[in-house]
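Spelled out, the chains give:
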Amino acid sequence: MPNSVKPSRTVIPALILSFIALLPLQTHGESTVEETSEPLPKVKVVTNKGPFVLQLRPDVAPETVDNFLDYARNGFYENTVFHRVIPGFMIQGGGFTQELSRKSTRDPIANEASPTLKNLRGTISMARTSAPDSATSQFFINLVDNDFLNAGVRGAGYAVFGKVTEGMGVVDAIGGVDTGYSKGMADVPADPVVIESVSVLEQAR
């Protein structure tokens, strides 16, 4: 996510649709798209602050999920850090070592941001530069509903590809650590928040 993106209090007026009663109810942290009948992959992320589990959505963002799983299965995320933490906004990681050296990545992927899968609290999205199709390995987890990051609100948006299903307390704890400046970057945890492992769990519906 580019450093220029900051939390916003912008309120987007809701559109009143005549057929609203026909739409499925949307619960917190979920999209209005139909859940796939295929099993959804789950991933366990173990950090030095504790573990949390992600459920991914290849039915909505197939290339993004494949990309994330490839990095996970290849051990890329081991001993990387959450290098950017902003309370009341998000935590970002997956691209730097504990020494804040940037890791080499594969080519960028296409932006699969969808208006129906929103940046709600607990969702995981791909971080990128100002160019929409520039995401590689870095991701962020939303600590609150960040509507201004959704597709179509301020442009292409940031691609949501899953959500935290267990251990949101760990994510919140990471979001509350002390931060400062280090090696030219802002919002860096004073004590490294290390991703020790990312493992794919047995698929579950």
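Quick look at the structure, then. (Residues numbered from 1 in each chain as written. Predicted model: local features only at pLDDT ≥ 70, side-chain atom pairs only at ≥ 80, totals over all residues. Heavy atoms only, no water.)

1. A short note on the overall build of the chain
Short version of the rule: Secondary structure is summarised from DSSP: a helix means a run of H or I of at least four residues, a strand means a run of E of at least two, and numbering begins at the N terminus for each. Accessibility throughout is a Shrake-Rupley quantity obtained with a 1.4 Å probe, and a residue counts as covered only by protein chains that appear here.
Helix and strand counts for the chain stand at two helices and ten strands. Secondary structure elements of the chain occur, N-terminal to C-terminal, as β-β-α-β-β-β-β-β-α-β-β-β. Only carbon and sulfur atoms are counted for the fraction: they give 52% of the accessible area of the chain, which is about 10300 Å².

2. Here we look at the packing of aromatic side chains
Geometrically, a pair of aromatic rings is defined through the distance of the ring centres and the angle of the planes. For clarity, the threshold we go by: Pairing of aromatic side chains requires ring centres within 6.5 Å, counting the rings of Phe and Tyr and the six-membered ring of Trp. Pairs whose planes differ by under 30 degrees are stacked, by over 60 edge-to-face, and all others tilted. Working rule: Lys NZ or Arg CZ, within 6 Å of ring centre, within 35 degrees of ring normal, means a charge sits over the ring.
Scanning the entire structure with this criterion turns up ten aromatic pairs. Site record: aromatic cluster; members linked through ring pairs are Phe68, Tyr71, Phe76, Tyr77, Phe82, Phe139 and Phe161. Taking the ring centre of phenylalanine 76 as reference, the NZ or CZ of lysine 103 above it sits at 4.2 Å. Over the face of the ring belonging to tyrosine 71 we find arginine 106, whose NZ or CZ atom lies 3.9 Å from the ring centre.

3. A short note on the nonpolar core
Operational definition: Only buried residues count toward a nonpolar core. Its members are Ala, Val, Leu, Ile, Met, Phe, Trp, Tyr and Cys residues joined through side-chain atoms within 4.5 Å. Only protein chains enter the accessibility calculation, which uses a 1.4 Å probe. A residue is then buried if its area is under 20% of the maximum for its type, exposed if over 50%, and partly exposed in between. By definition, residues are in contact when any of their heavy atoms lie within 4.5 Å.
Counting 33 residues, the largest nonpolar core has Phe52, Phe68, Tyr77, Phe82 and Phe161 as the members making the most contacts within it. Looking at this core, the element that brings in the most residues is helix H1 (residues 62-73), giving five residues. Every residue in contact with phenylalanine 161, bar those within four places of it in the chain, is listed here: Gln55, Leu56, Arg57, Ala61, Thr64, Val65, Phe68, Ile124, Ser125, Met126 and Phe139. Ranked by size, the runner-up nonpolar core spans eight residues in total, among them Phe89, Met90, Ala127 and Tyr158.

4. Some details on the environment of tyrosine 77
For tyrosine 77, the position within the fold is in the loop between H1 and strand S3 (80-86). For tyrosine 77 and glycine 95, which are 18 residues apart along the polypeptide, the C-alpha to C-alpha distance reads 7.7 Å. When near neighbours in sequence (up to four residues on either side) are disregarded, tyrosine 77 contacts Phe68, Tyr71, Ala72, Gly94, Ser137, Phe139, Ile195 and Val198.

5. Notes on the pairing of S3
To keep things clear, this is the line we draw: For two strands to pair, DSSP has to find at least two bridges joining them.
Taken across its seven residues, S3 has seven buried, putting it largely inside the fold. Where S3 lies against strand S4 (residues 90-97), five bridges are found, and the strand directions are antiparallel. Its bridge partner being in S4, arginine 84 is matched across the sheet by glutamine 92. The antiparallel hairpin formed by S3 and S4 contains three residues in its connecting segment, where glycine 88 sits at a positive phi of about 75°.

6. Some points on H1
The periodicity of an α-helix, 3.6 residues per turn, causes residues three or four positions apart to be oriented the same way. So the rule is basically this: Multiply 1.5 Å by the residue count of a helix minus one, and that product is the helix's expected span.
Taking 1.5 Å of rise per residue, the twelve residues of H1 would be expected to cover 16 Å, and the 16 Å separating its terminal C-alpha atoms lies within 8% of that figure. Taken together, the buried positions of H1 are occupied by Thr64, Val65, Asn67, Phe68, Leu69, Tyr71 and Ala72. Once H1 finishes, glycine 75 follows within two positions and takes phi at roughly 75°, a positive value.

7. Here's the deal with the pairing of strand S7 (residues 160-166)
In terms of burial, S7 is largely enclosed, as five of its seven residues are buried. Pairing of strand S2 (residues 50-56) with S7, which is carried by four bridges, proceeds in the antiparallel orientation. Bridge pairing in S7 links leucine 56 to glycine 162. Relative to S7, strand S5 (residues 123-126) runs antiparallel, the two being bridged by three bridges. Bridge assignment links threonine 123 to a residue of S7, and that residue is lysine 163.

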